[in-house]
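# Architecture at a glance
Each chain, written out:
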Amino acid sequence: MELNELTIHAAHDLLRNKEISSVELTQAVLDQIAAVDDKVGAYITVAGEQALKAAANADQAITAGEITPLTGIPLGIKDLMCTRGIPTTCASRILENFVPPYNATVVDKLNSAGAVTVGKLNMDEFAMGSSTGHSALQATYNPWDLERIPGGSSGGSAAAVAADMCLGALGSDTGGSIRQPASHCGVVGMKPTYGRVSRFGLVAFASSLDQIGPLSKDTRDCALLLNAVSGYDPRDSTSVPRDVPDYTAALKAGLKGIRAGIPREYTDKEGLDPEVAAAIKAAIATLEDLGVECVEVSLPNTEHCVAVYYVIAPCEASSNLARYDGVKYGFRDTGADSLIPMYRATRSAGFGAEVQRRVIIGTYCLSAGYYDAYYGKASQVRTLIARDFQNAFETCDVILSPVAPEPAFKIGENTDDPLKMYLSDIFTLSANLAGIPGMSVPCGFSQAGLPIGLQILGPHFAEETLLKVAYNFEQTTEFHKQKPVL
Ligand code: GLN
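Presented here is an overview of the structure given in this document. (Residues numbered from 1 in each chain as written. Predicted model: local features only at pLDDT ≥ 70, side-chain atom pairs only at ≥ 80, totals over all residues. Heavy atoms only, no water.)

## Let's talk about the overall build of the chain
For the chain, the helix and strand inventory stands at 16 helices and 11 strands. Compactness check: the chain gives a C-alpha radius of gyration of 21 Å against a globular reference of 23 Å for 486 residues, within 12% of the reference. Split into buried and exposed, the 486 residues of the chain put 61% on the buried side. Contacts in the chain between residues far apart in sequence, at least 24 positions, make up 77% of those at least 6 positions apart. Entry remark: accessible area of the chain is about 18,000 Å², with carbon and sulfur atoms responsible for 51%. With 39 positive and 55 negative side-chain charges, the chain shows a spacing of 4 Å between the two charge centroids. (Helix = DSSP H or I, 4+ residues; strand = E, 2+ residues; numbered from the N terminus. Rg over C-alpha atoms; globule rule 2.2 N^0.38 Å. Buried < 20%, exposed > 50% of the residue type's maximum accessible area, 1.4 Å probe, protein only. Contact = heavy atoms within 4.5 Å. Areas by Shrake-Rupley, 256 points an atom, 1.4 Å probe, with all protein chains shown as cover. Lys, Arg positive; Asp, Glu negative; His and termini not counted. Charge placed at Lys NZ, Arg CZ, Asp CG, Glu CD.)

Shown next as structure tokens:
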């Protein structure tokens, strides 16, 4: 096995025993990027020099006996978390040359744990999308089938982990953007509870929904990354002052006594691919063999999730993206001779079509006299969606479902049909609307060899339960160990 193929915990053991150095490990990752990223397109920026310097520092720390589970571990960061001195583009023309003067809190936390930032990963522009096809800068291809999308919006993060171009990565999830690409690329991904991880320095898309989380090669690594980035941050008023447990501690506990809810509204969903349905069914049976008791639950407001999300997210996006005006950040169209035409020209040239679509929808929904009918109404239905979960979690500890209705589709197949793309978010949006944690864990392959993920949802701050279910599942299955051949 090459060093870059290691999990974080396996690499940590070798680093701690001084069998390998972080410089060797980081070089192996950089070599892999040089070898395969031409084909995959995961990285927007590779910060090789900085990474090797950080690796050398990590090696010194290890020699001095200072080691955390992430010391010397090369990681990738989705390109919407601010990294001091390293461009942070949001895969947008408008921020193409933006170099942040400060780090996101999660980046500071990874740095102080001794992790090595390898570079910045591709995504849908401003995280709006489910295919990474809306990146204004480059395409990313699914390592399992280079003709297919990696999922999105954290498609670069998922593809980089799957293709061993980093040992783990951070993504962000506003409506599924960690879980869905994790599912499509055969890696583990978790969206933590809203408030668990600080978003200071995360470029905002929809502030009441955005959350940062890990993508990794297995569940233990997911727990390690979550340990490192979680916790209260006075610089993010939505972060919750609550202790961070050791997420690795609960992994090994068995599943006896765990009750899993199977939502009626998800299982007979129209448009659910039969191969996905079969993989989920088989995964549920495996968990039952491990002692999980399954009960049917109902989430009656499921049918409203897409409509509610696609009002709330564009409204908040239109407000958040108002700051990109050609004055304060990034790109400016210099052709115009006065302020308003300059704004218009800058935003027309700087934002891609999907971002403009969302800004227009959001601005419309928030315009005078329309607030109650759209954002206000959507917020009310959002409360009902959250209540559905509260009710369901009275009879179960976790909810099991598909992540996406189909395995990864071919590039160009659906991306020009926004409505079809939006509808494919049906299983992931509700967790963001309710603020609850959710993860995707590899649970099967289609006949064409495409990965399929199982979604595990839980009540607020039940990350430990999700991880325990995922970990036990991994112990009896081999799906997470499969590697794409590039
Ligand atoms: N696919 C959803 C959207 O386009 C979710 C994106 C995300 O989670 N960032 O809005």
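The discussion continues.
## Some thoughts on the site of the ligand
If you check the shell around the ligand, you find 15 residues, and the closest are Thr174, Gly175, Ser177, Tyr309 and Arg358. Contact with the protein chains removes 99% of the 290 Å² of surface that the ligand exposes when unbound. Judged by the proximity of its atoms to the pocket grid, the ligand belongs to the largest cavity. (Near = heavy atom within 4 Å. 1 Å grid on protein atoms, 1.4 Å probe; cavity = no way out; pocket = protein on both sides within 12 Å on 5 of 7 lines; lining within 4 Å. Sits in = over half its atoms within 2 Å of the grid points.)

## Digging into the packing of aromatic side chains
The description of an aromatic ring pair uses the distance of the two centres, along with the angle that the planes make with each other. Per the stated rule, a full pass over the model turns up 17 aromatic pairs. With 4.7 Å between their ring centres and 75° between their planes, Tyr309 and Tyr310 make a pair best called edge-to-face. Note on Phe473 and Phe479: the rings are 6.4 Å apart at their centroids and 20° apart in plane angle, and the pair reads as stacked. On the basis of relative accessible area, Phe479 is assigned to the partly exposed category, the value being 26%. Among the aromatic side chains, those forming a connected cluster through ring pairs are Phe98, Phe126, Tyr324, Tyr329 and Phe351. Looking at Arg242, its charged tip hangs above the ring of Phe461, at a distance of 4.1 Å from the centre. (Phe/Tyr/Trp six-rings, centres within 6.5 Å; stacked < 30°, edge-to-face > 60°. Lys NZ or Arg CZ within 6 Å of the ring centre and 35° of its normal.)

## Some remarks on the pattern of salt bridges
Scanning the entire structure with this criterion turns up 16 salt bridges. Note that Arg235 and Asp108 form a salt bridge whose closest N and O atoms lie 3.9 Å from each other. Taken together, the residues span a long stretch of sequence, with Arg235 in the loop between α7 (219-229) and β7 (259-263) and Asp108 in helix α4 (residues 105-112) at a distance of 127 residues. The closest approach of N and O atoms between Asp164 and Lys483, which form a salt bridge, is 2.9 Å. Separated by 319 residues along the polypeptide, Asp164 in the loop between α5 (155-162) and β4 (168-173) and Lys483 in the segment after α16 (463-475) bring together distant segments of the chain. Taking relative accessible area as the criterion, Lys483 reaches 32% and is therefore assigned partly exposed. (Salt bridge = Lys/Arg side-chain N within 4 Å of Asp/Glu carboxyl O.)

## Examining empty space enclosed by the protein
For the coordinates displayed, the defined rule picks out 3 cavities of 30 Å³ or more. Considered as a void within the structure, the largest cavity measures approximately 100 Å³ in volume. Around the largest cavity, the lining is made up of 16 residues, and of these Gly129, Ser130, Gly175, Ser177 and Asp425 lie nearest the centre. Looking at the lining of the largest cavity, its residues break down into 5 nonpolar, 9 polar and 2 charged. The space that makes up the second largest cavity amounts to roughly 50 Å³. Of all the secondary-structure elements, those providing two or more residues to the lining of the second largest cavity are α12 (353-366) and α14 (418-423). Across the lining of the second largest cavity, the residue classes break down as 4 nonpolar, 4 polar and 4 charged. (Points joined across faces, edges and corners; volume = space filled by probe spheres on them. Nonpolar A, V, L, I, M, F, W, Y, C, P; charged D, E, K, R; others polar.)

## Details of the sheet that holds strand β3 (residues 116-121)
The 11 strands lie next to each other as β1-β3-β2-β4-β6-β5-β10-β11-β9-β7-β8, forming an open sheet whose pairing is mixed. In this open sheet, the two strands that pair with only one neighbour each are β1 (43-46) and β8 (293-297). When the angles between neighbouring strand axes are averaged without regard to direction, this sheet yields 30°. Direction of pairing for β7 relative to β8: parallel, over a ladder of 5 bridges. In the strand pairing of β8, Ala260 is matched with Cys294. Contacts from α7 reach β2 (74-78), β4, β5 (188-191), β6 (211-216) and β10 (438-445) within the one sheet, and its direction differs from that of β6 by about 145°. Strand contacts of helix α9 (residues 274-289): β7, β8, β9 (398-402), β10 and β11 (451-457), with the helix running at about 55° to β11, the strand carrying the most contacts. (Pairing = 2+ DSSP bridges. Axes fitted to C-alpha atoms, helices over the stretch in contact; angles between N-to-C directions.)

By themselves these figures say nothing about function.
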